[in-house]
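The primary structure of each chain is shown beneath.
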Amino acid sequence: MHYRPFGTTGFDVSALGFGTMRLPLTGDNPADIDRRQAIRMIRHAIDNGVNYVDSAYAYHNGESEVVLGEALRDGYRDRVKIATKLPTWLVEKDEDVEKLLDTQLKRLQQDHIDFYLVHNLNSALWPIARDCDVLPALERARDKGKIGHIGFSFHDSFDLFQEIVDAYPGWEFVQIQYNYVNETVQAGTRGLEYAASKGLPIVVMEPLLGGGLVNPPESIREVFADSPYPERAPVEWALQWLWNRPEIATVLSGMGAMSQVEENLACASRSGIGTLSEDELETISDAAYAFRQLNSIPCTRCGYCMPCPNGVDIPRNFEMYNNMHIFKGNQDFLNRTIYINFMAKEARADKCTVCNECLPKCPQSIKIPELMPRVHEDLSRPLG
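This one's a predicted model, so the numbers in the text were calculated from it and none came from an experiment.

**Points about the pattern of salt bridges**
Here is step 1 of the chain: Inspection of every chain in the model, using the stated rule, returns 21 salt bridges.
Here is step 2 of the chain: Note that D54 is salt-bridged to K85, the shortest N-O span being 2.8 Å. Of this pair, D54 sits in strand β4 (residues 52-54) while K85 sits in strand β5 (residues 81-86), and the two are 31 residues apart along the sequence.
Here is step 3 of the chain: Given a relative accessible area of 2%, D54 falls into the buried group.
Here is step 4 of the chain: Residues joined by salt bridges that share partners form a network here, namely E98, D102, K144 and K146.

As structure tokens, then:
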């Protein structure tokens, strides 16, 4: 494992961080984590050098933090730093901050959290953090020893990102969505470089675009096949592109299977700053261009929009729609078959009532209610 300085915190972080948003499940309920397998995966990653594990209040309906706490028993806690996040949308007054934090400490079975983030700052949630005195409340929690370092995760425009970075001199790190397809999306490369110019280490989330860069469409695979390294897997292209940048401290991967842990550990062992050649960088640029030609909805299936008050399974609808259009072939018939014959009627896109509750929650700023009629029309086309 390779390590990088985490800003001025005095901590050297592993190039690969373990994200606990997509742990293996025993069924369809996101709270039904396969505990035995998840704990085994987390510990295996730690045994192989990972020293940064990321969670959040809302992941797996709260069970992510519980399972992480179990995984860090038996001495594993001493070998890692815990990062988790304040559910900003639940804060109404500054007193709520410590109450929520105490709930998380109890879930994690810990007396302190090393890196604590204000979660999912965007145009709707930043005013809450700013006006409800969230940051002074976090400083008090830090003074009590309940948290170590204060940061934020972000999903919105570069202009807002810059405003938030400049608004509080006490930020110690930031977490942004970043991958070779998203250089101009959200904070993007401009945000990455701006945060770095302020001395802030960057934690990267969604490095594989919700798994979309692991098994890309044929047009992207052809780009990689024509490169100087045709044997390199798409996942490695995506990760090495990130690790090539000096601004990035660690790359979080939401791993859901032991095979993914093994593959990512192997990739991390080959990582380095400034190690990609001009030919390799040009290959990635060509792949990004090919992706931009695909007509898809930029949903990463993070689940922040859920639960829908009307029962619509928003991420699932978008996933099937994207699969049908991006991957084509048998995915068209397969996803229409699932939608028409097997998906619960109340979960389908046509049950959207345009209540708009999902809009401020979506990290990608997707116009969800506007897209639902199109999604339903395409997925409900007759199978014959």
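**Some details on the packing of aromatic side chains**
Here is step 1 of the chain: This structure, assessed with the given rule, holds 16 aromatic pairs.
Here is step 2 of the chain: Between F152 and F161, the aromatic rings sit 5.8 Å apart at their centres with planes inclined by 50 degrees, giving tilted as the arrangement. As far as the burial class goes, F152 and F161 line up, both buried.
Here is step 3 of the chain: Here F158 and Y194 contribute two aromatic rings whose centre-to-centre distance is 6.3 Å and whose plane-to-plane angle is 90 degrees, an arrangement assigned as edge-to-face. Taken together, the positions of F158 in helix α6 (residues 158-167) and Y194 in helix α7 (residues 188-197) put the pair 36 residues apart, joining distant regions of the chain.
Here is step 4 of the chain: What makes Y194 buried here is its relative accessible area of 16%.
Here is step 5 of the chain: Put simply, the rings of F6, F11, Y52, F115 and F173 pair up and form one aromatic cluster.

**Some details on the side chain of T250**
Here is step 1 of the chain: Within the element layout of this structure, T250 appears in strand β10 (residues 248-254).
Here is step 2 of the chain: Among the residues examined, T250 registers a relative accessible area of 0% and is labelled buried.
Here is step 3 of the chain: Polar contacts involving the side chain of T250 include one to the main-chain carbonyl oxygen of S14, which spans 2.7 Å.
Here is step 4 of the chain: For T250, the contacting residues outside a window of four places in its chain are V13, S14, A15, L16, G17, Y52, I202, V203 and V204.

**A look at a negative patch on the surface**
Here is step 1 of the chain: Together, E278, D279, E282 and D286 give the surface a local cluster of negative charge.
Here is step 2 of the chain: In this fold, D286 is placed in helix α11 (residues 278-292).

Definitions and cut-offs
Residues numbered from 1 in each chain as written. Predicted model: local features only at pLDDT ≥ 70, side-chain atom pairs only at ≥ 80, totals over all residues. Heavy atoms only, no water. Salt bridge = Lys/Arg side-chain N within 4 Å of Asp/Glu carboxyl O. Helix = DSSP H or I, 4+ residues; strand = E, 2+ residues; numbered from the N terminus. Buried < 20%, exposed > 50% of the residue type's maximum accessible area, 1.4 Å probe, protein only. Phe/Tyr/Trp six-rings, centres within 6.5 Å; stacked < 30°, edge-to-face > 60°. Polar contact = N/O pair within 3.5 Å; in protein donor to acceptor, adjacent residues only side chain to side chain. Contact = heavy atoms within 4.5 Å. Patch = residues over 30% accessible without salt bridge, like charges linked within 9 Å, V, L, I, M, F, W, Y side chains within 5 Å. Areas by Shrake-Rupley, 256 points an atom, 1.4 Å probe, with all protein chains shown as cover. Lys, Arg positive; Asp, Glu negative; His and termini not counted. Charge placed at Lys NZ, Arg CZ, Asp CG, Glu CD.

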